[in-house]
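Summary of the model geometry
These are the residues of each chain, in order.
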Amino acid sequence: METVDQLMVPNSNTWNIDMLNVLFDSNIVNEICKIRIPLNGADRLIWKPADNGLFSVKTAYRVVDEVTNVTTSSDPPLNFPWKLFWKLDLPQIILHFLWKCVHKCLPVRDRIARYMHNVDTIFPLCHREVESINHLFLDCHVTKLIWDATEIPNLDTTIGQDMTDWITSWLTINNVFDNIQIQINATVQQIKKSILEWNEHLAKVKANKIQVQSGRIAVQ
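Figured I'd write up the structure that's included with this text. Owing to the predicted nature of the structure, the values given are computational and were not obtained by experimental measurement.

Further remarks concern the overall build of the chain. Each helix and strand in the chain was counted, giving 10 helices and 2 strands. Ordered by position in the sequence, the α and β elements of the chain form the string β-β-α-α-α-α-α-α-α-α-α-α. Looking at the chain residue by residue over its 220 residues, the buried ones come to 27%. Within the chain, counting contacts between residues at least 6 apart in sequence, those at least 24 apart form 38% of the total.

Before going further, it helps to spend a moment on a nonpolar patch on the surface. On the surface, Met 1, Val 22 and Leu 23 cluster together to form a nonpolar patch covering roughly 340 Å² of accessible area. Mapped onto the elements of the fold, Val 22 is located in helix α1 (residues 17–23).

What follows is about the pattern of salt bridges. By the definition in use, this model includes 4 salt bridges. Residue Asp 162 pairs with Lys 104 through a salt bridge whose shortest N-O separation is 3.4 Å. Pair noted here: Asp 162 is in the loop between α8 (141–150) and α9 (163–172) and Lys 104 is in the loop between α5 (92–103) and α6 (109–112), with a separation of 58 residues, a long-range link.

On to the packing of aromatic side chains, then. A full pass over the atoms with the stated rule returns 9 aromatic pairs. Consider the rings of Trp 47 and Phe 55, whose centres lie 5.1 Å apart with planes at 75°: the pair is edge-to-face. You can call Trp 47 partly exposed: its relative accessible area is 25%.

It is worth spelling out the packing of α5 against α9 at this point. The packing of two helices is summarised by the inter-axis angle and the distance between the axes. One way to put it is that α5 packs onto α9 with a least axis distance of 7 Å and a crossing angle of 130°. With respect to their mutual orientation, α5 and α9 come out oblique. Contacts from Leu 98, Cys 101 and Val 102 of α5 reach α9 at Met 163, Thr 164, Ile 167 and Trp 170. When its residues are assigned to classes, the contact of α5 with α9 shows 6 nonpolar, 1 polar and no charged.

What counts and how
Residues numbered from 1 in each chain as written. Predicted model: local features only at pLDDT ≥ 70, side-chain atom pairs only at ≥ 80, totals over all residues. Heavy atoms only, no water. Helix = DSSP H or I, 4+ residues; strand = E, 2+ residues; numbered from the N terminus. Buried < 20%, exposed > 50% of the residue type's maximum accessible area, 1.4 Å probe, protein only. Contact = heavy atoms within 4.5 Å. Patch = residues over 30% accessible without salt bridge, like charges linked within 9 Å, V, L, I, M, F, W, Y side chains within 5 Å. Areas by Shrake-Rupley, 256 points an atom, 1.4 Å probe, with all protein chains shown as cover. Salt bridge = Lys/Arg side-chain N within 4 Å of Asp/Glu carboxyl O. Phe/Tyr/Trp six-rings, centres within 6.5 Å; stacked < 30°, edge-to-face > 60°. Axes fitted to C-alpha atoms, helices over the stretch in contact; angles between N-to-C directions. Parallel < 35°, antiparallel > 145°, perpendicular 65-115°, else oblique. Nonpolar A, V, L, I, M, F, W, Y, C, P; charged D, E, K, R; others polar.

Right, here's the structure in full:
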């Protein structure tokens, strides 16, 4: 048996119940019988996840996210203050970036690893934790040094927050964007200094580990 029409009574547009009962259990037979056989028209392939039956990358992405138990980027977070968000006097590129943060659709390493094999998920700045959106922007202690260097008033950098909740607090509680002025050059220099100090710290830790391992080998 190769085609669906072989499950039908020839020239009658009805299902062959006897054949169905031989091939399938009763539950499947009942589901098949619920399918209406059209009286005319040609067969065509349809993409069931889409309402119009047409395949799209968006619906395919939604199916993949459902299979991996991940909320789709197209599903907006509940209770997010979108009206306040879109009224912000910020460049569109920044608003778009924040929109991606809220929807958790940035291409961070833990997200990429869901769809690609052999992806190193460790955050390269700290070399300790998986690079998730929350870790990248909130939980990493290196990131916290960078936020502290901006000296933005009312900016809560407490570790353990959710990214969406954090951005919500900017709009509804902390008034982060009210009359904000950041000295860009000084901030960038401070960030570079913090990263340099952290890399030097990592190099010393690595050197100490090598010395300890070498000492153990020498003793043995």
